[in-house]
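# Close look at the chain arrangement
If you want the building blocks of each chain, they are given just below.
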Amino acid sequence: MDETIVYRYLSGTATEEEKLQLLDWLKTSPENKAAFFDLKAIWHAKHSISPDNRTSDQLKDSLSVINERIDRFVPINKKTVNHLWKRWAVAAAIILLGFISISILYKVPKVTPDTDIVYVNQSPDSVRKVFLPDGTLVWLNTHSSLTCPSEFTGDQRLVELQGEAFFEVVKDTLHPFVVKTKAMMVKVVGTSFCITTSPDGAISKTTLQSGSVQLLRADGKKLVTLKPGQQAVCSEETDRIEVRHVNVDEYISWRFDLITMSGVKVFSIIESIESLYGVNIKMDTTAIKDNRYNFSFRKHKGASDALRRLSYMTGIPVDTIR
Amino acid sequence: MANVVSLVERLKRGDRAAFNEIYELHYLSVRFYADLMLDADDAEDVVQDVFLNLWLHREGLDDTLSIRGYLLRSVYNSALNILKKRKHANDYYSSCEKEIEEMGYDYYDPDSCDIIRRLYNEDLRADLQAAIESLPVRCREVFVLSYLQDMPSKEISRKLGISLSTVDNHIYSALKQLRDKLGGYKAGLTLLFLFLSNGGKNLF
């Protein structure tokens, strides 16, 4: 077997024929198997040898989540019992009030409330672009949601974010744009920035590309004003914010990792993947040549992932050839 | 290693700061290891569950415990469970690829796999970096473009003006050399064994 097939398999450009050859070669001897999987492990290790801000952020985020999970296991000790009692009392009062207000509601004719629109991106691997009523463009990352009114009325343009989004805000000095997260609020006039919230919402990170933003605590108290190239990390519990200079592109390039094609025929998709990765694709497209598809994939996941998705979407086997 | 032992002691006494220190020392390596077998979401879940268990069962921990070894082993066992359950679920992969990947599951046992121990138990990432630096110049030039910049072979061949098969050969050769350099301990031992079994006579 041409052993460079190993490298082509690892980089996702091996043909089906080559994969079969590799499989046979692996089954031939335990030395081959060991050699291959050692090389695979070394190949995989490439992500770990260039630690950057992303990895230290990953550690911090993970650490905060695990601590939150542990906190749910903390046994109640004597000190907190009194506070608990007060909390139960308050909760009971609220529930009581709740019952009362509900019964009142049934007697009074209902006024139609403003409808809020919630934009959700639940897909695991694509970015959603959303235009808000004022023309502001929001790039909503995976597992994120944005709530905004169907129309901006009032002094502020107020939206709520959970997850991660990049904002390109339309300038309107009379009506500041405010993004509310669990940990804090970000107030802007016309500007480009990215906000990330940790899964439990307790920590928010704001990265400013251009313009200027003001960070406020949930109750409106001013925390800090950011300049382009700065990033602020806010925690819900403390007033402390960390501000530091970052390479902004590192934190916002996720917008462009996604390649999206809408209403295209399969040969366009094939052409894009071929030129992007430098592979030759073999696919029997006679049955589907006039079909139009919406297709998207993440560049960094590599050719084999894109081809797998193409195959899954069309139901036709896809292969690479040399 | 006085520091490490006292960390475990503090952990056993329920010291949360000690737990956080342990997390900071071990999370990235353990998570990178999990990423080898699982996708990002599963990997994060498994790693978190393993650390959570470490905390919940802290009182029963052995003072001489190697925390890293314990974490890697726990991640490995959880990963195997998930992989075995998912065996028939994933239609994305061709059956050939599935078979190849499955062969690796039992290979990556952290207690028996040298390369795993060297990469994740002993944190030899600095050694990996040094090994890359010590590759022959041309080989390293090609390898780094592929390995660190994710550049496809075709682009490398265009950029450096060399044939595609030369590119593939350089990269494959680099990987093999890295494997040899990282397996240094074993290779050295083998050499020593050969030397001794020759009665100390000149091998050459």
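This text follows the structure it describes.
Predicted, not measured: the structure shown is a model, and the values here were computed from it.

### What about the overall build of chain B?
When you go through chain B residue by residue, the secondary structure sums to 11 helices and zero strands. Along chain B, helices (α) and strands (β) appear in the sequence α-α-α-α-α-α-α-α-α-α-α when read from the amino end. Residue pairs at least 24 apart in sequence account for 62% of intrachain contacts in chain B once pairs closer than 6 positions are excluded. Split by element, the accessible area of chain B, about 10800 Å² in all, is 52% carbon and sulfur.

### A word on the sheet that holds strand 4 (residues 144-149) of chain A
All names here are of chain A. A sheet is described by the order of its strands in space; here seven strands give the open sequence 1-4-5-7-8-11-12, paired in mixed fashion. Two strands in the sheet have a free side with no partner beyond their single neighbour: strand 1 (116-121) and strand 12 (222-226). For this sheet, the mean inter-axis angle between neighbouring strands, taken without regard to orientation, is 20 degrees. Relative to strand 7 (residues 177-180), strand 5 (residues 157-162) runs parallel, the two being bridged by four bridges. Bridged to Glu 160 within strand 7 is Lys 180.

### Regarding the interface of chain B and chain A
Taken together, the contact between chain B and chain A spans 59 residues of the former and 53 residues of the latter. Interface of chain B and chain A: buried area, both sides summed, is about 5500 Å²; carbon and sulfur atoms make up 63% of it. The interface formed by chain B and chain A includes 10 salt bridges. In this structure, the salt-bridge partner of Arg 8 of chain A is Asp 168 of chain B, at a minimum N-O distance of 2.8 Å.

### Structural notes on the packing of helix 8 (residues 266-277) of chain A against helix 9 (residues 303-314) of chain A
Residues and elements named next belong to chain A. Here helix 8 crosses helix 9 at 170 degrees, and the two axes come no closer than 10 Å. When the axis of helix 8 is compared with that of helix 9, the two are roughly antiparallel. Packed against helix 8, whose contacting residues are Val 266, Ile 269, Ile 270, Ile 273 and Tyr 277, the element helix 9 presents Ala 303, Ala 306, Leu 307, Leu 310 and Met 313 at the interface. Grouping the constituent residues of the contact of helix 8 with helix 9 by class yields 10 nonpolar, no polar and no charged.

### Some thoughts on the packing of aromatic side chains
Under the criterion given, the structure shown has 17 aromatic pairs over all chains. Their ring planes at 35 degrees and their centres at 5.9 Å tell us that Phe 37 of chain A and Tyr 107 of chain B sit as a pair that is tilted. Within this pair, whereas Phe 37 of chain A is found in helix 3 (residues 30-44), its partner Tyr 107 of chain B is found in helix 5 (residues 95-107), the two belonging to separate chains. Seen in terms of ring centroids, Phe 19 of chain B and Tyr 23 of chain B are 6.0 Å apart; in terms of plane orientation they differ by 40 degrees. Their pairing is tilted. Pair noted here: Phe 19 of chain B and Tyr 23 of chain B are both in helix 2 (residues 16-37), with a separation of four residues, about one helical turn. In this pair, the class of Phe 19 of chain B matches that of Tyr 23 of chain B, namely buried. A network of ring pairs unites the aromatic residues Tyr 9, Phe 36 and Phe 37 of chain A together with Tyr 107 and Tyr 108 of chain B as a single cluster. If you follow Lys 129 of chain A out to its NZ or CZ, it ends over the ring of Trp 139 of chain A, 4.8 Å from the centre.

### Remarks on helix 4 (residues 67-85) of chain B
With 19 residues, helix 4 of chain B ought to run about 27 Å at 1.5 Å a step, and its terminal C-alpha atoms sit 27 Å apart, in line with that. Of all the positions in helix 4 of chain B, only Ile 67, Arg 68, Gly 69, Leu 71, Leu 72, Ser 74, Val 75, Tyr 76, Ala 79, Leu 80, Ile 82 and Leu 83 of chain B are classed as buried.

### Focus: the packing of helix 8 (residues 137-147) of chain B against helix 9 (residues 153-160) of chain B
The relative placement of two packed helices comes down to the angle between their axes together with the axis-to-axis distance. Residues and elements named next belong to chain B. Following both chains from N to C, one finds helix 8 and helix 9 inclined at 135 degrees, their axes separated by 10 Å at the closest point. It follows that helix 8 is oblique to helix 9 by the angle criterion. Note that helix 8 runs across helix 9; the crossing there is right-handed. Residue-level inspection shows Arg 138, Glu 141, Val 142, Leu 145 and Ser 146 of helix 8 in contact with helix 9, the latter providing Ile 156, Lys 159 and Leu 160. When its residues are assigned to classes, the contact of helix 8 with helix 9 shows four nonpolar, one polar and three charged.

### Quick word on the sheet that holds strand 2 (residues 128-131) of chain A
Sheets are built from strands paired through backbone hydrogen bonds, the pairs being either parallel or antiparallel. All names here are of chain A. Taking strand neighbours across the sheet as the criterion, the seven strands line up as 2-3-6-9-10-13-14 in an open arrangement whose pairing is antiparallel. The open sheet has two edge strands, strand 2 and strand 14 (241-245), and neither has a second partner. The average angle at which neighbouring strand axes cross in this sheet is 20 degrees, direction not considered. The pairing of strand 3 (residues 137-140) with strand 6 (residues 164-168) spans four bridges and is antiparallel.

### Description of helix 9 of chain B
One full turn of an α-helix is made of 3.6 residues, so residues set three or four places apart face in the same direction. Turning to helix 9 of chain B, its buried residues number three or more, namely Ser 153, Ile 156, Ser 157 and Leu 160 of chain B. Angular distribution of buried residues about the axis of helix 9 of chain B spans 100 degrees; they occupy a single face of the element. Of the exposed residues in helix 9 of chain B, those oriented more than 90 degrees away from the buried face are Arg 158 and Lys 159 of chain B. Buried residues along helix 9 of chain B sit in contact with helix 1 (5-10) of chain A together with helix 8 and helix 10 (164-182) of chain B.

### Side note on the side chain of Asn 32 of chain A
All names here are of chain A. By the element assignment, Asn 32 lies in helix 3. A relative accessible area of 15% means that Asn 32 is categorised as buried. Asn 32 has contacts with Trp 25 and Leu 26, leaving out every residue within four places of it along the chain.

### Things to note about the pattern of salt bridges
Overall, the coordinates contain 29 salt bridges over all chains when judged by the stated rule. Between Arg 8 of chain A and Glu 18 of chain A there is a salt bridge, with its nearest N and O atoms 2.9 Å apart. Here Glu 18 of chain A lies in helix 2 (residues 16-28) and Arg 8 of chain A lies in helix 1, a separation of 10 residues in the sequence. The pair Arg 8 of chain A / Glu 18 of chain A is uniform in exposure class, with both members buried. Across the salt bridge formed by Arg 117 of chain B and Asp 114 of chain B, the nearest N and O atoms sit 2.4 Å from each other. Placement of both Arg 117 of chain B and Asp 114 of chain B in helix 6 (residues 114-121) is noted, with a separation of three residues, approximately one turn of the helix. Note on Arg 117 of chain B: relative accessible area 31%, which makes it partly exposed. What you see here is one network of salt bridges that share partners, running through Glu 16, Lys 19, Asp 305 and Arg 308 of chain A together with Glu 97 of chain B.

Reading the values: the criteria
Residues numbered from 1 in each chain as written. Chains lettered and ligands numbered in written order. Predicted model: local features only at pLDDT ≥ 70, side-chain atom pairs only at ≥ 80, totals over all residues. Heavy atoms only, no water. Helix = DSSP H or I, 4+ residues; strand = E, 2+ residues; numbered from the N terminus. Contact = heavy atoms within 4.5 Å. Areas by Shrake-Rupley, 256 points an atom, 1.4 Å probe, with all protein chains shown as cover. Pairing = 2+ DSSP bridges. Axes fitted to C-alpha atoms, helices over the stretch in contact; angles between N-to-C directions. Buried area = accessible area lost by both parts, 1.4 Å probe. Salt bridge = Lys/Arg side-chain N within 4 Å of Asp/Glu carboxyl O. Parallel < 35°, antiparallel > 145°, perpendicular 65-115°, else oblique. Nonpolar A, V, L, I, M, F, W, Y, C, P; charged D, E, K, R; others polar. Phe/Tyr/Trp six-rings, centres within 6.5 Å; stacked < 30°, edge-to-face > 60°. Buried < 20%, exposed > 50% of the residue type's maximum accessible area, 1.4 Å probe, protein only. Lys NZ or Arg CZ within 6 Å of the ring centre and 35° of its normal. Expected span 1.5 Å × (residues − 1). Left-handed = near helix turned anticlockwise from the far one by under 90°. Arc of directions from axis to C-beta.

Any functional reading would require information that these geometric values do not contain.
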